[in-house]
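Chain residues, written in single-letter form:
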Amino acid sequence: MGQVASSLCGLDGRPVIKNDVTLAVKTEPTEPISGQAPGTSGLRKKTKVFMEGNYLANYVQSVFNTLLEENVPVQNGTLVVSGDGRFWNPEAIEIIIKIAFANGVGRIWCGTDGMLSTPATSAVIRGRGYGFEPFGGFICSASHNPGGINDDFGIKYNCENGGPAPEKLTNKMLEWTGKIKEYKTIEGLPKLDLSKPAIYKLADKVVEVFDCVEDHLKMLKQCFDFPSIKRLITRPDFTIVYDCMSGVQGPYAKRIIEQELGAAPGSCTNAVPKPDFGGPDSAWHGHADPNLTYAVELVATMGLNKEGQKISSPKPIPSFGAAADGDADRNMILSSQFFVSPSDSLAMIVDNADLIPQFRAGLKGCARSMPTSGAVDLVAKAKEIECFEVPTGWKFFGNLMDSGTQYFPDKKVYTPFICGEESFGTGADHVREKDGMWAVLAWLQILARKTEKAGKLVSVEDVANEHWKTYGRNYYARYDYEGVDKPKAEQMMKAMSDKSGQLVGQTFGNMKIKINDVFEYNDPVDGSVSKNQGVRFIFEDGSRIIFRLSGTGVAGATVRLYLEKYTPPEGNLSLHQFDVVQPLADVALQLSSLKSYTGREKPTVIT
């Protein structure tokens, strides 16, 4: 967006730019477009699909129709609109702003360059200004999916609590996409420069552009002891690398890790956001997903290969490594030649929560997605705190975190609260999204406090070994079978679902099945029921095999297979997780007949 005439300067130093324009509401006829069902994290399709005709306009108007029907205070309200900077982000923001104003919104908040990380968007909704000013926000993101004109785009709506819209809302949004006949837009909106903070006054409407980092940083400073972390980071024997994978995390990482916490310049790599997240020529081929398969540059820097095995390195290996995905809600944690799984990372943060100032009053609750390993369950049991198992999708954690607040005042309070998913997402109740930067700072805080106490540098590997000696180890891996034929994948899932309960007592691979079912979640806060959330095979020795169809892809289907084998503290805790779970993978192929249905036997990705 370009520039318009400017005038005054606001109290916060941002220029106030006035333009005496006439904004006219225009109603455009349209027709329903099939395939606009949002998945676990919003609507995702190929970028060119979003760019076609009224595709985005139809969906955005359907969201507003739902909000107005639900009596959300849209009229003269404040709305956050930003994204992860992927291709077509500026054009999408302009379309959303026009539709928002046409539907009665009075003020739009945008991060600089139209960018906000997903957790930062939640922080802005919850904490900017007087707090809880916006009625919600749009995030233009497809998270870890590749960006670019030939790749993926996405959009999701977050509510006034800063969290993803619950199913009752997304279901109504989908209903509206199937019956929409018109959408509203604005004519006369001038081009706006989103590259720097400013306040645009446009007739009776306002667009406020603010530093995309400031609100998230302010909130994180309330969670952590920054001086303590800075003492760790500036130790001569500590080195850090944070790979932003050319996603939106770049400005946040450079400001927080290098400027605020004193890491050496260049510690944050690939820290310039790119519309294609680096594209095909990058080491990760534009797939900004922080795992062993895609974060190959960081993994090699930390002295590992894509299987997480040690390799020689021509350069000194950093003490600590981390990576972020495209919209910065995911994280990966490593130390020198050591990878900690997201399931273990969650359990270890919960176990050491007392070292994090955010939980100085004590942790009251924790939760994991159903496919995530049961490592955190063991910690919760030992510490006698509530632990919940929810379906995949961060929105399911939201009710638990809002329990006892104005949303559910008659329910038990579970906060302070920590939660996470095996898909490299970890967070807490400071926002209502998973938060990649929070997870990195949580680990740095734990290491800082343990280092201070020990009088010597403590690593992620040291913490992990100490943890396993106490609780045992949940060896864990996820196999992804990407791009399979969707009808065939659905047939496979149905065949397994139809056998629910029928395999109890039968033996597979020297293991006897204790439970085989289809996971169903009964929300203890709002009473909602979520069915068909994955097929589970749980064995008497505690091993688990779980199948799900992913809700984050845009083409074909992704079958996710989760494998877990528990070893007690007195067992062998130093084996490689992929070796330990391989026998379970063989059983899983037998139970599912996956090869017969999909033609696949080997996964595309193993994490």
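A quick note: this is a predicted structure, and the numbers were derived from the prediction, not measured. (Residues numbered from 1 in each chain as written. Predicted model: local features only at pLDDT ≥ 70, side-chain atom pairs only at ≥ 80, totals over all residues. Heavy atoms only, no water.)

Caption draft 1: Highlighting the sheet that holds strand β16 (residues 365-369). Strand order in the open sheet formed by 4 strands is β17-β16-β18-β19, and the pairing between neighbours is mixed. Edge positions in the sheet fall to β17 (386-390) and β19 (425-428), since each of these pairs with one other strand and no more. Neighbour-to-neighbour, the strand axes of this sheet turn through a mean angle of 15 degrees, independent of strand direction. Note: β16 against β17, 5 bridges, orientation parallel. Residue Gly365 lies in a different strand from β17, and its bridge partner there is Glu386. Lying on the sheet, helix α10 (residues 342-351) is in contact with β16, β18 (417-421) and β19; it crosses β18 at an angle near 170 degrees. (Pairing = 2+ DSSP bridges. Helix = DSSP H or I, 4+ residues; strand = E, 2+ residues; numbered from the N terminus. Axes fitted to C-alpha atoms, helices over the stretch in contact; angles between N-to-C directions. Contact = heavy atoms within 4.5 Å.)

Caption draft 2: Main features of the domain arrangement of the protein. Here the domain parsing of the protein yields domain 1 (16-211), domain 2 (217-459) and domain 3 (473-606). Centre-to-centre separation of domain 2 and domain 3, based on C-alpha positions: 25 Å. Contacts between the two partners involve 31 residues from domain 2 and, on the opposite side, 25 residues from domain 3. For the domain 2 and domain 3 pair, buried surface summed over both sides reaches about 2300 Å², with 55% attributable to carbon and sulfur atoms. Applying the counting criterion to the domain 2 and domain 3 interface returns 3 salt bridges. The partner of Glu389 in a salt bridge is Arg536, and the shortest N-O contact between them spans 3.6 Å. Taken together, the elements giving at least two residues each to the side of domain 2 that touches domain 3 come down to α10, α11 (375-383), β17 and α12 (395-402). Considered class by class, the residues forming the side of domain 2 that touches domain 3 number 13 nonpolar, 11 polar and 7 charged. (Domains from an automatic or database assignment. Buried area = accessible area lost by both parts, 1.4 Å probe. Salt bridge = Lys/Arg side-chain N within 4 Å of Asp/Glu carboxyl O. Nonpolar A, V, L, I, M, F, W, Y, C, P; charged D, E, K, R; others polar.)

Caption draft 3: Up close: the side chain of Ser369. Structurally, Ser369 is set in strand β16. At 2.6 Å, the side chain of Ser369 and the side chain of Thr372 are in polar contact. Not counting residues within four places of it along the chain, the set of residues in contact with Ser369 comprises Val390, Pro391, Thr392, Phe397, Gly420, Glu421 and Glu422. (Polar contact = N/O pair within 3.5 Å; in protein donor to acceptor, adjacent residues only side chain to side chain.)

Caption draft 4: Main features of the sheet that holds strand β25 (residues 535-539). Strands sit in the order β21-β22-β25-β26-β27-β20-β28 across an open sheet of 7 strands; the sheet is antiparallel. Every other strand in the sheet has two partners, leaving β21 (507-508) and β28 (605-606) as the edge strands with one partner each. As judged from the 2 bridges shared by strand β20 (residues 473-484) and β28, these two strands associate in the antiparallel manner. Across the sheet, residue Tyr479 finds its bridge partner in β28, namely Ile606. Sheet strands in contact with helix α16 (residues 577-592) are β20, β21, β22 (511-518), β25, β26 (544-549), β27 (557-567) and β28, and its direction is about 50 degrees off that of β20.

Caption draft 5: Structural context of the pattern of salt bridges. Taken as a whole and assessed by the stated rule, the structure comprises 40 salt bridges. One salt bridge in this structure joins Arg368 and Glu389, with 3.3 Å as the shortest N-O distance. Taken together, the residues span a long stretch of sequence, with Arg368 in strand β16 and Glu389 in strand β17 at a distance of 21 residues. Residue classification places Arg368 among the buried residues on the basis of a relative accessible area of 6%. Three or more residues joined by partner-sharing salt bridges are found here, namely Arg368, Asp377, Glu389, Asp517, Arg536, Arg544 and Glu564. (Buried < 20%, exposed > 50% of the residue type's maximum accessible area, 1.4 Å probe, protein only.)

Caption draft 6: Region of interest: α11. For α11, every residue scored as buried is listed here: Ala375, Val376, Val379 and Ala380. Projection of α11 onto a plane perpendicular to its axis shows the buried side chains occupying an angular sector of 130 degrees, all on one side. Facing away from the buried surface of α11 by more than 90 degrees, the exposed residues are Lys381 and Ala382. Contacts from the buried residues of α11 go to α10, β16, β17, α14 (460-471) and β20. (Arc of directions from axis to C-beta.)

Caption draft 7: The arrangement of the packing of aromatic side chains in detail. Overall, the coordinates contain 14 aromatic pairs when judged by the stated rule. Judged by centre distance (4.8 Å) and plane angle (70 degrees), the ring pair of Phe388 and Tyr414 falls under edge-to-face. Here Tyr414 lies in the loop between α12 and β18 and Phe388 lies in strand β17, a separation of 26 residues in the sequence. Of the residues examined, Phe388 reaches a relative accessible area of 12% and is grouped as buried. A ring pair is formed by Phe396 and Tyr521, whose centres lie 6.2 Å apart and whose planes are at 90 degrees; its orientation type is edge-to-face. Highlighted residues: Phe396 in helix α12 and Tyr521 in strand β23 (residues 521-522), separated in sequence by 125 residues. Take Phe396: its relative accessible area is 7%, and that puts it in the buried class. (Phe/Tyr/Trp six-rings, centres within 6.5 Å; stacked < 30°, edge-to-face > 60°.)

Caption draft 8: Examining the UniProt feature "domain: Alpha-D-phosphohexomutase alpha/beta/alpha" (unreviewed entry) in the protein more closely. The UniProt record marks residues 36-183, 215-334 and 364-458 with the feature "domain: Alpha-D-phosphohexomutase alpha/beta/alpha" (unreviewed entry), using the residue numbering of this structure. Secondary structure over residues 36-183 splits into 37% helix and 20% strand, and the C-alpha atoms at its two ends are 16 Å apart. End C-alpha to end C-alpha, residues 364-458 measures 27 Å, and it is 38% helix and 20% strand. (UniProt positions renumbered as here; feature names shortened; annotations may be inferred.)

Caption draft 9: Representation of unusual backbone geometry. Residue Pro416 follows Thr415 across a cis peptide bond; omega there is 0 degrees. By secondary structure assignment, the location of Pro416 is in the loop between α12 and β18. For Asn270, which is not glycine, the phi dihedral falls at a positive 45 degrees. On the secondary structure map, Asn270 appears in the loop between β12 (268-269) and α9 (296-301). Within the chain, Phe277 stands out as a residue other than glycine whose phi angle is a positive 50 degrees. Along the chain, the position of Phe277 falls in the loop between β12 and α9. Taking relative accessible area as the criterion, Phe277 reaches 0% and is therefore assigned buried.

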